[in-house]
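The lines below spell out each chain.
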Amino acid sequence: MRFLPAYLQALILVYFLPFVSAQSWCGKNYMKTEPIVPPGGQFPVPASSVNPLLALRCSQTIRPYLPGDGNDSNQPVSILVDAPVIFSHISNAKAISITNTESLSVTVTVNGQVLTKGNVPLNSTKTELPFSLSLLQPRAQAYNITCTATYDSQTFVVNSLLTYLPELPSGIGSVTKSDLRTGALLARPADGSDGPFAPVFPIGFYTQFDSYLAQNLSISAELADQGFTIVHPVPTFSSQQALDEVLDKMQAAGLYLMYDMRGTYMNSASVKKQVNSIKARPNLLLWYTADEPDGTSDPLDATLTASNLITSLDGGDGRGGAGYHPVSLVLNCQDYHYTEYTSGADIVLQDAYMVGNNVTFSTVWGTVCTKDYGDCGCDNCQGAFEDISTRMDQFRDRNFINGWERTKAVWTVPQGFGNETYWKRYPTGKEWVVESIVGINHGGLGVVSWDDPTTPDIKSSASLLAKSLKQMTRFILNASASFRQVTVSRVDVGLWTVGSETLVLASNMNDEAQSVTLADLGLPSSGATTQQIMDSGSQVMAGSGFTFESVGSGAFIVSTVNPIRDNSHANTASRIRYPLGSWMIPWSIFGLF
C-alpha cells in the first residue's frame, strides 16, 4: 500500500510534474526525465568462510516477562540459546575448532550474577535454560544479560536484553507477549474478559475507516463472524469520537487492534498523543508506525526513533527493551536499507503485490523497471507467486544474518485490491488464498491484506482461510512443532509435525491442475489417515496424496502410525538447517553420531 491511494499519487505527481525536481521509489528514479542512478542501500552479503563458525545467540524465551510468570508450562521462564555452526561471517560468528565434544557449557549472567547455566548441544536451536524471576526485580528498564559459552578451551560471548515489566499500571489496558521460540504473539481475549494468554494468529485487513468502518458500526461483528481476528483501521480518522465508537465495537466483537500511525509517526507530539489515548484499550495487540518508509526514503533513523518513543510511553525503557505491545511496520522494497528501517520494528511485514501487474514495464510512468530504475509497483519482482516466497525468505535470512531471527518476526500482506494504476485486475479469491498460504509457509506469522472493502470473492476466500486457521494454529504456533517447507512442481507446501500428526498446508502456484503425493512430502502412506480442514480447490487423493485445481489450495491433517521423528520441542534442542545455504556440521565425520 501507499500513504495515498495509488491513483491519487499518480494524479498528483503528473499534475505537479513541472515543479518536481526528482522522484524516487526504493531509491530509484522512475520519471522519464530522470537519469538511471544505482539506488544503493543493498543488504551486504556476508563473506563466506572455509572453516566452521559459531554464531551464539541468546534471548529470553517469552518477551516481556511479568510478575507471576512461570506457572504456565506453555510460557516458560527461561533463556533461549541457539548455537548454529555456519560458514558465513554473520553477526557474532566466531571461529570454532570442532572436536569430539558434543555440547557447549553456557552460563547466563546479569551484572555478574549467575541467572542460569546448562549444556547446549553444538549446532542446535531452542535450548531452554530455566531460571527464577525471583532473581530479578520488575522494572521498565531492560536487563543486560551476558551468555558465555565454553567449548573445550574456547570461549564465546553474546549480550542480549531481557525485559521484565511490572504488573500493568493504570492507563495501560493489555499486554501482548512474543513467544521467541516461534515468533507468535500471545494475548488475553480481545474483548477484555479475564482469560489466559494464548497464541494469536492475526488475520484480517487494512480497513478503510471514514468510508467504511465508521459508516456502519455493525461491520466489526460481521468481520468477527467471518473468522477474522484483527482489524487495521487506516488513518486518517474523521474524529476521536468516531474512532472510539469503532474501537468499542471491535472490542465487543473480540477483534484485536493494529493501531496505525503511518502519516504521523515522525511527529513526536502526535505519537505521544495517540499512544496515550490508545494504550488503555484491552484489545490493542500491536502498534504500526511506518508504511513503506523504504519506498519514500524516510530518514534512516525514523523508524527506530518512533519505536523507542512508543515503547517508552507503553511501559518500556525506550532504549531497546520491550514495552507492553510490539511495534510493526511494512517494507515495500526488495532490498533498500533493510537493516536501518527494520531496526525500528519487532514485526516487519512485506507487501509484494504481483497479481495483474506488469513488473518489467511501468504502465504508469512509461519506463522499464530494473534493479536500478523504475517503479512498477512490485520492486524487483518476477510477476509470479514466488515473489512472495522470495521476499519472505530474504527477510528471514537478513534477520538471521543480523542476529534478529528470535527478536523480529515477519508477516505477509496479500494483495486484496486491483483495477488501479499498476494493477489491472483484482486477484481472484483463490489467488488471494495462494498469496496468503505462500506467505505462511515461508514464515509468516500474521496475514494482514491491503485492503478492505474488497471484492466478495476475496472476502469469501479470506473468511474460508481465517476460519480454517483456528484448526491450524495448534500446529503453526506450537513451540514443539517441527517444520519443513517443500515445493513440488510449483506446489508450495508447509508441514508442521506434532507427535503423530502433520499439518499439510499447500497452494498450487500453477495455472493448471497439479498432484502431490505423500511420498513427495516425505510422509509415509502406509497406515496414514488424512482429514481435510480447508478446501480452496483441492481434495485428498485416496490415501496417497492430494490434487489441486489451478491456483487451488488446501489444508490437511495427516495422522501416521509411525510419526516422523520430531527433535524440536520446548526443552530440548533440535538439529537444524540454517539460512544462506549453510548446513549444520555433518557430525558423522567426527564419529559423534
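A quick note: this is a predicted structure, and the numbers were derived from the prediction, not measured.

Parameters at a glance
Along every chain, residues carry numbers that run from 1 in the direction the sequence is written. With the structure being a predicted model, the display of local features is reserved for residues of pLDDT at least 70 and the display and counting of side-chain atom pairs for 80 or more, all residues being used for whole-chain, interface and lining totals. Only hydrogens and water are set aside when side-chain values are computed; all heavy atoms of the structure are taken into account. When a carboxyl oxygen of Asp or Glu is within 4 Å of a side-chain nitrogen of Lys or Arg, the pair counts as a salt bridge. Comment: elements are numbered from the N terminus, with helices defined as DSSP H or I runs of at least four residues and strands as E runs of at least two. Here's how the labels work: a residue is buried when its accessible area is under 20% of the maximum for its type, exposed when over 50%, partly exposed in between, all with a 1.4 Å probe on protein chains only. The domain boundaries here were taken from an automatic or database domain assignment. When checking whether two residues touch, look at their non-hydrogen atoms; a contact exists if any pair is within 4.5 Å. By buried area we mean the combined loss of accessible area, with a 1.4 Å probe, across both parts when two parts are placed together. Residues belong to a common nonpolar core when they are buried Ala, Val, Leu, Ile, Met, Phe, Trp, Tyr or Cys residues joined through side-chain atoms within 4.5 Å. Axis definition: a line fit to C-alpha positions, over the contact stretch in the case of helices; interaxial angles, taken between N-to-C directions, run 0 to 180 degrees. With the far helix as reference, a near helix turned anticlockwise by less than a right angle produces a left-handed crossing, and one turned clockwise produces a right-handed crossing. Residue polarity is assigned by list, with Asp, Glu, Lys and Arg as charged and Ala, Val, Leu, Ile, Met, Phe, Trp, Tyr, Cys and Pro as nonpolar; anything else, Gly included, falls into the polar class. Side-chain rings of Phe, Tyr and Trp, where Trp is taken by its six-membered ring, are said to pair if the distance between their centres is within 6.5 Å; with planes under 30 degrees apart they count as stacked, over 60 as edge-to-face, and otherwise as tilted. Roughly parallel means an angle under 35 degrees; roughly antiparallel, over 145; roughly perpendicular, 65 to 115; everything else is oblique.

A. Representation of the pattern of salt bridges in the model. Inspection of the entire model under this criterion finds 19 salt bridges. A salt bridge links Lys-28 to Asp-379, with the nearest nitrogen and oxygen atoms 2.8 Å apart. Note that Lys-28 is positioned in strand β2 (residues 28-29) and Asp-379 in the loop between β23 (347-350) and α7 (386-401), a separation of 351 residues in sequence. According to the relative accessible area criterion, Lys-28 is buried, its value standing at 2%. The partner of Asp-244 in a salt bridge is Arg-281, with the nearest N and O atoms 3.3 Å apart. Taken as a pair, Asp-244 in helix α3 (residues 240-253) and Arg-281 in the loop between α4 (268-278) and β21 (284-291) lie far apart in primary sequence, 37 residues in all.

B. How the structure looks around the domain arrangement of the protein chain. Here the protein chain is described as being made up of domain 1 (55-162), domain 2 (176-474) and domain 3 (485-560). For domain 1 and domain 2, the distance between their C-alpha centres works out to 30 Å. The partner domain 2 presents 25 residues to the 25 residues of domain 1 that form the contact. Here domain 1 packs against domain 2, burying approximately 2100 Å² in sum over the two surfaces, 54% of which is carbon and sulfur. When the area that domain 1 buries against domain 2 is broken down by residue, the three leading residues are Arg-57, Arg-63 and Gln-75, summing to 30%. Among the salt bridges present, the one from Arg-406 reaches Asp-82, with a minimum N-O distance of 2.7 Å.

C. Quick look at the nonpolar core. With 118 residues, the main nonpolar core has Tyr-206, Tyr-259, Trp-287, Leu-349, Trp-411, Met-472 and Ile-476 as its most contacted residues. Looking at which element gives the most residues to this core, the answer is helix α9 (residues 456-476), with 8 residues. Val-81, Leu-104, Leu-115 and Leu-162 belong to the second largest nonpolar core, which has 39 residues in total.

D. Region of interest: the packing of α4 against helix α5 (residues 302-313). Following both chains from N to C, one finds α4 and α5 inclined at 35 degrees, their axes separated by 10 Å at the closest point. The hand of the α4/α5 crossing is right-handed. Where α4 abuts α5, its residues Ser-268, Val-271, Lys-272, Val-275 and Asn-276 lie against Leu-309, Ile-310 and Leu-313. Here the contact of α4 with α5 is composed, by residue class, of 5 nonpolar, 2 polar and 1 charged.

E. Examining the packing of aromatic side chains more closely. The tally for this structure, following the rule as stated, stands at 18 aromatic pairs. For the ring pair Tyr-30 and Trp-365, a centre distance of 4.8 Å and an interplane angle of 45 degrees mean the geometry is tilted. Remark: Trp-365 occurs in the loop between β23 and α7 and Tyr-30 occurs in the loop between β2 and β3 (48-55); sequence separation between them is 335 residues. Grouping residues by exposure puts Tyr-30 and Trp-365 together as buried. With a centroid separation of 4.9 Å and 80 degrees between ring planes, the pair formed by Phe-417 and Trp-423 is classed as edge-to-face. Residues Phe-417 and Trp-423 agree in their burial class; the two are buried.

F. Structural detail: the packing of helix α8 (residues 429-441) against α9. One way to put it is that α8 packs onto α9 with a least axis distance of 8 Å and a crossing angle of 30 degrees. One element, α8, and the other, α9, form an angle in the roughly parallel class. Like other packed secondary-structure pairs, α8 and α9 cross with a definite hand, here right-handed. Contacts between α8 and α9 involve Gly-429, Lys-430, Trp-432, Val-433, Ser-436, Ile-437 and Ile-440 from the former and Asp-457, Ile-458, Ser-461, Ala-462, Leu-465, Leu-469 and Ile-476 from the latter.

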